[in-house]
Each structure stands twice: as structure tokens, then as C-alpha cells.
Amino acid sequence: MAYFAYKARNARGELIQGVLESPDSGAVADQLFNTGVTPVDIRETRKPAASGKGGWWERLTEPKVRPLDVQLFSRQMYTLLKAGVPIMRGLAGLRESAGNPAFARMLQDLRESLDSGRELSASLRRHPAVFDPFYISMVRVGETTGRLDEVFLHLFDHLEFERDMKSRVRAAMRYPLFVIIAMIAAIAIINLFVIPAFAKVYAGFGAELPLMTRMLIAASDFSVHYWPLMLAIIAAAALAFRMYIATPNGAYRWDKAKLRFPVMGKIMLKSALARFARSFSLAGKSGVPVLQGLNVVAQTVDNKYIESRIEQMRDGVERGESILRTAMTAGVFTPVVLQMIAVGEETGEIDSLMAEIADMYEREVDYELKTLSSQIEPILILCLGVLVLILALGVFLPIWDLGSAALKR
């Protein structure tokens, strides 16, 4: 296969150009004619011509493809395919109206990939940073079943749920994060500036200081003299932690530990299970077999531990076990969910009941997020109280004894 740079005119007489991968120039001409454009010039080239404009600095600073772009793309593709618009013409129209240059280049690459004979799912696979494996797998299912328009509509709903979930989590965590950052800043200021000033005052009395005060002064001295070393150790630890959780075993252990976090652990668990149930329902409604559906939706939960539980369910179903039995063995579903799975298997409506399970988990996550601040407040107040107690005992206790210390002199 070779690359050919072409120039052609569309039905409106506009000049278009690009690069196609094809065995020869005649095949390129046939592909162009089939898409409704008339070739003007076809020349072999060594590599694909750049589909975007601007230099490397413009490419570096331009906005990236956002999840919202992919979501809108899914809705637009559903509308175009539902109306019977050819996919090549639809992609050309979307490219012309795209406000994001990176997204426009991606659409152009999709058109060129389709022109070269690839399927849409294979073309999407060329952009792993934009389309995740679940998205690509669902498009592949749509191509196989002939229900690509419905799949794009389901993907739009799925991405809307994901975006809404992430925005609510960010909104709920804004206040606790602000309080934690303020506490860390306060501890740093006290260690570096306040305690050293008090230490100079205490040194003038020559009295023996309480144990808590000596510990605070020692910690403050260490912070003042070795703060670059402390920052280096923290940075090295953070880097080592990121490298560890990037490994399969590290990611599995960290994702499992996150589910045990106070307050946030149950929210992350319910959120992951809501994504699983919604994705499984979507796969079932799109005509995906159970085994393939479990294999595909395992990639949507964003948690390696739960992903391994779902893969365990897939292995059990492959051995001939029921979905209910494998779900019970997984150990992550509530009794109510297990009852609904049992009813779904009995009636053959597992995809519909999975959608109801997703709705139930989403409602629970929504309630947990609305009450998140009130649940975290007692923990923050306790931490703040411990901090104030340590400061009171360490900093102000010697002041209370200043009179007796002065008399001893």
C-alpha cells in the first residue's frame, strides 16, 4: 500500500485535497468518484500530508479534543445516520463546522481512513486518546448489527451520564479540598514562622519546656533547615507512587484500597457499578452477546479491582454458570441488585433490569454527593480540633507557666 496526495472538486466545485492510502492511483480515483468528488490531480507521496494548518507552536497550544466534543459528535452522527446522510458526506460537514482544529483534523483523518477502505471502528481506533475501547467496541457492534445510528444515540446518553457524574463529584469535592489545602498551608506557616518566634522567647527563660513544646520546636527546626530535602522527598515519593500505580499490580491494589476510603469509598463503588450496569444495558440493547458484553463493559468502570471482578463474572458465564451466580461470587453487588439480576435472567429482560439497576445506583450516588459535605465535615472538624489541641499544648502551655518560670530565675 502506498500513499497518494490528491486534489479534487466536490459537487459545488470547491477544491479539496488530502492523502489516501491505496494500491495505485486508479484505486484512489475510484474511491474519490464513489464519494461524489471528481479527481483533478493524483500523485504518489512518501508520507501523509499534514491535515492541519499552522506550525508546531500552534499545534502545541491549540485546545485538545474534549469529552464534550466526542459527546456532540455521537449525537450528530446519530442524527445524520438516522436521516440517511452518507457517512462520508456527514463527516465532511462536521469537519467544516468544527470549531476545534484538533477535532477537525481528527475528522479529516477519519474520512481519509474510510476512503482507504477501513471500517469506521478501525478508523476510530487510530485515535486512542479520543475514543476509549468501550466506544470503539460499541461502534463495531453497531457496524455488525446494522444499528449504528442507535449505538451512537446510546453512546451519547452514556457520555452524558459520565460527564454529569464527574461534574457532580468535582462540585462536591470543592469545599473539602479547599479546607484541606487551607489546613496544610496553616501548618506550613506555623512550622516555618510562628513556632521559631516562640522558641526564641522560650529560650530566654531557661526553663524546662513541656514535651509537646520540645517536639514542636524540633519539628519546626527540621522544617526550617531541611525544607528543600522535605520537598524532594515528597516529590520523589509522589513520583514513585505514580510509577507504582501505573503497573498492573499497583493499579489493582490502589483501586481496591480506594473503595475502603471513609465516605468517598462507597461513592466510588456505587459510581463504578452504575457505569457497569448502564454499559451492560447499552450493550444488551445493541445486540451484544453476554460474554462479549461483559468483556466490553469491564473497561468502563475505571477501577481495576472491579474490572477484575467483572472479568471473573465473564469467565464464570463462559463456563456455563448463570449471571446471578457469578454476580454473587464477585462480591460487589448489593442483595437488591442480585434479586433484580435473578428476575432479569428468569424473564429474559436482563438489559432492561440492568438499566433500572443503573438508575438506582445513580440515585444513590446523587444522594451521597448531595450529602457529601455534611458527611466530611465531622472528619474535617476532628482533624482541625486535633491540630488546635497540639498547638495549644505545645505553644501556649509554656506561656501559661511564664510566671512560674520567671520566679525560678
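Residues numbered from 1 in each chain as written. Predicted model: local features only at pLDDT ≥ 70, side-chain atom pairs only at ≥ 80, totals over all residues. Heavy atoms only, no water.

What to know about the overall build of the protein chain
- Within the protein chain one finds 18 helices and 3 strands.
- A fraction of 59% describes how many contacts in the protein chain between residues 6 or more apart in sequence connect residues 24 or more apart. (Helix = DSSP H or I, 4+ residues; strand = E, 2+ residues; numbered from the N terminus. Contact = heavy atoms within 4.5 Å.)

Structural notes on the side chain of Ser220
- Along the polypeptide, Ser220 turns up in helix 9 (residues 211-245).
- Among the residues examined, Ser220 registers a relative accessible area of 1% and is labelled buried.
- Apart from the residues within four sequence positions on either side, Ser220 is in contact with Asn191, Ile195 and Pro196. (Buried < 20%, exposed > 50% of the residue type's maximum accessible area, 1.4 Å probe, protein only.)

Some thoughts on the nonpolar core
- Formed by 76 residues in total, the largest nonpolar core has its most connected members in Phe73, Tyr135, Phe152, Leu155, Phe276 and Phe333.
- Considering each element in turn, this core owes the most residues, 11 residues, to helix 8 (residues 148-203).
- Beyond its immediate sequence surroundings of up to four residues, Phe152 is in contact with Phe73, Ser74, Met77, Tyr78, Leu81, Leu120, Tyr135 and Val139.
- Counting residues in hydrophobic clusters, the runner-up holds 10 residues, among them Leu216, Ile217, Leu387 and Val395. (Core = buried A, V, L, I, M, F, W, Y, C linked by side-chain atoms within 4.5 Å.)

Overview of the pattern of salt bridges
- Across all of its chains, the model carries 15 salt bridges by this definition.
- Here Asp109 makes a salt bridge to Arg126, at a shortest N to O gap of 2.9 Å. With Asp109 in helix 5 (residues 101-115) and Arg126 in the loop between helix 6 (120-124) and helix 7 (133-145), this residue pair connects regions lying 17 residues apart in the sequence.
- On the basis of relative accessible area, Asp109 is assigned to the buried category, the value being 15%.
- With a closest N to O distance of 3.3 Å, Lys270 and Glu364 form a salt bridge. (Salt bridge = Lys/Arg side-chain N within 4 Å of Asp/Glu carboxyl O.)

Thoughts on the packing of aromatic side chains
- All told, the structure shown has 11 aromatic pairs when counted by the stated rule.
- Summarising the aromatic geometry, the rings of Phe73 and Phe131 are spaced 6.0 Å apart at their centres and angled 55° between planes, so their arrangement reads as tilted. Of this pair, Phe73 sits in helix 3 (residues 67-82) while Phe131 sits in the loop between helix 6 and helix 7; the two residues are 58 residues apart in sequence, bridging distant segments of the chain. We note that Phe73, like Phe131, is buried.
- With a centroid separation of 5.9 Å and an interplanar angle of 35°, the aromatic rings of Phe276 and Phe280 are classed as tilted. Of this pair, Phe276 and Phe280 both sit in helix 11 (residues 264-285), 4 residues apart, roughly one helical turn.
- By relative accessible area, Phe280 is classed as buried at 5%. (Phe/Tyr/Trp six-rings, centres within 6.5 Å; stacked < 30°, edge-to-face > 60°.)

Considerations on the side chain of Thr371
- Here Thr371 is to be found in the loop between helix 16 (350-370) and helix 17 (372-400).
- The class for Thr371 is buried, based on a relative accessible area of 18%.
- Looking at Thr371, its side chain comes within polar contact range of the main-chain oxygen of Glu368, at 3.3 Å. (Polar contact = N/O pair within 3.5 Å; in protein donor to acceptor, adjacent residues only side chain to side chain.)

Some points on the packing of helix 7 against helix 12 (residues 290-297)
- Running from N to C, helix 7 and helix 12 point in directions that differ by 155°, and their axes come no closer than 9 Å. Here helix 12 runs roughly antiparallel to helix 7, going by the angle between their axes. Contacts from Phe134, Ser137, Met138 and Val141 in helix 7 reach Gln292, Val296 and Val297 in helix 12.
- Of the residues contributing to the contact of helix 7 with helix 12, the split by class is 5 nonpolar, 2 polar and no charged. (Axes fitted to C-alpha atoms, helices over the stretch in contact; angles between N-to-C directions. Parallel < 35°, antiparallel > 145°, perpendicular 65-115°, else oblique. Nonpolar A, V, L, I, M, F, W, Y, C, P; charged D, E, K, R; others polar.)

Side note on helix 14 (residues 323-330)
- Listing the buried residues of helix 14 in full gives Ile323, Thr326, Ala327 and Ala330. What you see down the axis of helix 14 is that its buried residues fit within an arc of 100°, all on one side. Turned more than 90 degrees from where helix 14 packs its buried face, Arg325 and Met328 sit exposed.
- Taken together, the buried residues of helix 14 touch helix 12, helix 13 (304-318), helix 15 (335-347) and helix 16. (Arc of directions from axis to C-beta.)

Considerations on the confidence of the model for the protein chain
- In the predicted model, the protein chain carries a mean pLDDT of 80, and 90% of its residues have values of at least 70.
- Per-residue pLDDT, averaged within each element of the protein chain, yields its smallest value for helix 18 (residues 402-408) (54) and its largest for helix 10 (residues 248-258) (91).
- Per-residue pLDDT stays below 50 along residues 49-54; that stretch engages in 9 contacts with residues further than four places along the chain or on separate chains. (pLDDT = per-residue confidence, 0-100.)

Some thoughts on the environment of Arg363
- Considering the arrangement of structural elements, one finds Arg363 in helix 16.
- Residue Arg363 is classed as exposed on the basis of its relative accessible area, which comes to 56%.
- Along the backbone, Arg363 and Lys270 are 93 residues apart, and their C-alpha atoms lie at a distance of 9.8 Å.

Section: helix 5
- Taking 1.5 Å as the rise per residue, helix 5 with 15 residues should run 21 Å; its terminal C-alpha atoms sit 21 Å apart, in good agreement.
- Of all 15 residues in helix 5, 14 are buried, a share of seventy percent or more.
- Two residues or fewer past helix 5, Gly117 is found with a positive phi of approximately 105°. (Expected span 1.5 Å × (residues − 1).)

Section: a nonpolar patch on the surface
- On the surface, Ile189, Leu192, Phe193, Val194, Val224, Trp227, Leu231 and Ile234 cluster together into a nonpolar patch covering about 750 Å² of accessible area.
- Contributing elements (two or more residues each) for the nonpolar patch: helix 8 and helix 9.
- On the secondary structure map, Trp227 appears in helix 9. (Patch = residues over 30% accessible without salt bridge, like charges linked within 9 Å, V, L, I, M, F, W, Y side chains within 5 Å. Areas by Shrake-Rupley, 256 points an atom, 1.4 Å probe, with all protein chains shown as cover.)

Thoughts on the environment of Ala129
- Relative to the elements of secondary structure, Ala129 occurs in the loop between helix 6 and helix 7.
- A residue is classified by how much of its surface remains accessible, and Ala129, at 81% relative accessible area, is exposed.
- Distance in space between the C-alpha atoms of Ala129 and Lys64 is 10.0 Å, their sequence separation being 65 residues.

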